[in-house]
Amino acid sequence: MKPAAAALAALLVTGSCRRPAREAEQAAPSVAPREVLRGPYLLRPTFDGITIAWHSTDGVAGRVEYGTTAVYGSVATGRAYRIPLAEGVHHEVALSGLDRVRTYHYRVVTAGGASTDSTFRVAATAGEPVRLVAFGDTRTNTAAHQMVVDAVVAAGPDVVVQTGDLVEWGLSDTDWARFFEIEKPLLRDVPCYPALGN
């Protein structure tokens, strides 16, 4: 396994959560932040929290606005650090103390603007049903990868398991940029557990 692939795959390791229905956005219109390279995406959901991550062109602190509606109402900041051999800076904001039965809206806010409204729920508890989708080997056929992601998003899973070989070359930032662009509508709302490739 290539070092950058292992590092990025490890960052995507997350838990299951229930995918909520989207509500109409009530906040001011959002724009794509200029300096966000990849994300946002969901990491490590727990029974009362979740981590929201993204990659940016610089280490300027961003924040996550979140709440039970698209008006948000709460703000959290986190940490930023460089990942060896990866472009830009990785940001993580951990949220905790959340109500496990509520749908939460969130957006990432940076100096360049705000991401679009996205949603999440915290992890399901033992005995609750979970909708899971598994797929993999997305590394070389971008058209097929896009079709699979579109179908998975339409299915509305609670969690996704990716069975490995996410990109062709783990040291290629171009491959990772393409992966995150295709997976964006999925990863912003659904936690994913990737397996390392061969």
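Residues numbered from 1 in each chain as written. Predicted model: local features only at pLDDT ≥ 70, side-chain atom pairs only at ≥ 80, totals over all residues. Heavy atoms only, no water.

**Q** So what's going on with helix α3 (residues 173–187)? Which residues, and what values?
**A** Residues spaced three or four apart along an α-helix point in a common direction, a consequence of the helix completing one turn every 3.6 residues. For α3, with 15 residues, the first-to-last C-alpha span of 18 Å runs short of the 21 Å given by 1.5 Å per residue. Maximum bend of α3: about 35°, positioned at E181, with proline P185 one to four residues after it. Listed as buried for α3 are D173, D175, W176, F179, F180, I182, E183, L186 and L187. (Helix = DSSP H or I, 4+ residues; strand = E, 2+ residues; numbered from the N terminus. Expected span 1.5 Å × (residues − 1). Bend = angle between axes of the 7 residues up to and from the residue. Buried < 20%, exposed > 50% of the residue type's maximum accessible area, 1.4 Å probe, protein only.)

**Q** I'd like to hear about empty space enclosed by the protein, residue by residue, with values.
**A** Under the criterion given, the structure shown has 1 cavity of 30 Å³ or more. One number sums up the size of the largest cavity: a volume of about 50 Å³. T138, R139, T142, H145, L166, V167, E168, D175, R178, F179 and I182 are the residues that line the largest cavity. Only α2 (142–155) and α3 provide two or more residues apiece to the lining of the largest cavity. With 4 residues, α3 is the single largest residue contributor to the lining of the largest cavity. For the lining of the largest cavity, a count of residues per class yields 4 nonpolar, 3 polar and 4 charged. (1 Å grid on protein atoms, 1.4 Å probe; cavity = no way out; pocket = protein on both sides within 12 Å on 5 of 7 lines; lining within 4 Å. Points joined across faces, edges and corners; volume = space filled by probe spheres on them. Nonpolar A, V, L, I, M, F, W, Y, C, P; charged D, E, K, R; others polar.)

**Q** Provide a residue-level description of the confidence of the model for the protein, including the pertinent values.
**A** Per-residue pLDDT for the protein averages 81, and the proportion of residues at 70 or more is 82%. When mean pLDDT is compared element by element in the protein, strand β4 (residues 74–76) scores highest at 97, while helix α1 (residues 3–12) scores lowest at 38. Within the model, the stretch residues 1–31 combines pLDDT values under 50 with 115 contacts to residues more than four positions away or in other chains. (pLDDT = per-residue confidence, 0-100. Contact = heavy atoms within 4.5 Å.)

**Q** Now, about the sheet that holds strand β12 (residues 192–194): what can you tell me, with residues and values included?
**A** Picture the strands of a sheet paired through backbone hydrogen bonds; they go either parallel or antiparallel. Here we have 3 strands laid out as an open sheet, ordered β10-β11-β12, and parallel in their pairing. In this open sheet, the two strands that pair with only one neighbour each are β10 (132–135) and β12. Mean inter-strand twist for the sheet, computed between neighbouring axes without regard to direction, equals 15°. In terms of strand pairing, β10 meets strand β11 (residues 159–162) through 4 bridges, oriented parallel. Across the sheet, A134 pairs through a bridge with V161, a residue of β11. Strands β10, β11 and β12 of the sheet are contacted by α3, whose axis makes an angle of about 150° with β11. (Pairing = 2+ DSSP bridges. Axes fitted to C-alpha atoms, helices over the stretch in contact; angles between N-to-C directions.)

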